[in-house]
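Each chain is listed here by its residues.
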Amino acid sequence: MSYETGIVLAIDELKDRMGSSIVTIKTHMQANMSSDKKWLNATFLTALKSGVAAGDFIKVKNSYKLSPEFKKKRIDAAK
């Protein structure tokens, strides 16, 4: 699982209305990460920044949530 996919799953499963903080996303991902994979913080932060730049995530203060366009794209892909 890529870091961006893990971030999407973490935000989706946490279901925080105001967005999920970096710490809670990181904690959730580390808890669900396989034991043979090493945690790379720089890759995690790069995935967050690229997701914001691509329009997949919205940064609200120090929290992140899924953008409405990304949610719509996911629903269309599921059909």
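All values derive from a computational prediction rather than experimental measurement.

Visitor: What is the right way to read the overall build of the protein from this model?
Guide: Within the protein one finds 4 helices and 3 strands. When the elements of the protein are put in sequence order from the N terminus, they spell out α-β-α-α-β-β-α. For 79 residues, the compact-globule estimate of 2.2 N^0.38 gives 12 Å, and the protein sits close to it at 12 Å. Taking the intrachain contacts of the protein between residues at least 6 apart in sequence as the baseline, contacts between residues at least 24 apart amount to 49%. When the accessible area of the protein is evaluated, it comes to approximately 5500 Å², of which 57% is carbon and sulfur surface. Where the 14 positive side-chain charges of the protein centre and where its 8 negative ones centre are 5 Å apart.

Visitor: What is the right way to read the environment of Ile-58 from this model?
Guide: As for its placement among the helices and strands, Ile-58 is situated in strand S2 (residues 57-60). In this structure Ile-58 comes out as partly exposed when scored by relative accessible area, which is 32%. Along the sequence, Ile-58 and Met-33 sit 25 residues apart, while their C-alpha atoms lie 24 Å from each other. Contact partners of Ile-58, with chain neighbours within four places excluded, come to Ser-63, Tyr-64, Lys-65, Leu-66, Ser-67 and Pro-68.

Visitor: Explain helix H1 (residues 3-14) here, please?
Guide: Note on helix geometry: an α-helix contains 3.6 residues per turn, so any two residues three or four positions apart are oriented the same way. For H1, with 12 residues, the first-to-last C-alpha span of 16 Å sits near the 16 Å given by 1.5 Å per residue. Residues of H1 that are buried: Tyr-3, Gly-6, Ile-7, Val-8, Ala-10 and Ile-11. Of the surrounding secondary structure, the elements contacted by the buried residues of H1 are strand S1 (20-21), helix H2 (22-32), helix H3 (41-54), S2, strand S3 (63-66) and helix H4 (68-78).

About the cut-offs
- Sequence order as written defines the numbering, with residues in each chain counted from 1.
- Thresholds applied to this predicted model are a pLDDT of at least 70 for local features of residues and 80 or more for the giving and counting of side-chain atom pairs; totals over whole chains, interfaces and linings are not thresholded and use all residues.
- By convention in this description, side-chain values take in all heavy atoms of the structure and omit both hydrogens and water.
- Here a strand is any run of E in DSSP of at least two residues, a helix any run of H or I of at least four, and the numbering for each starts at the N terminus.
- As defined in this context, the radius of gyration uses C-alpha atoms, and a globule is described by 2.2 Å times the residue total to the power 0.38.
- Residue contacts are counted whenever heavy atoms from the two residues lie within 4.5 Å of one another.
- All accessibility values rest on the Shrake-Rupley procedure with a 1.4 Å probe; residue burial counts only the protein chains present in the view.
- Note that His is not counted, nor are the chain ends; the positive residues are Lys and Arg, and the negative ones are Asp and Glu.
- Lysine's charge is taken at NZ, arginine's at CZ, aspartate's at CG and glutamate's at CD.
- The buried label goes to any residue with under 20% of its type's maximum accessible area, the exposed label to any with over 50%, and the partly exposed label to all in between, with areas taken from a 1.4 Å probe on protein chains only.
- In this analysis, the expected span of each helix is defined as 1.5 Å times one less than the number of residues it contains.

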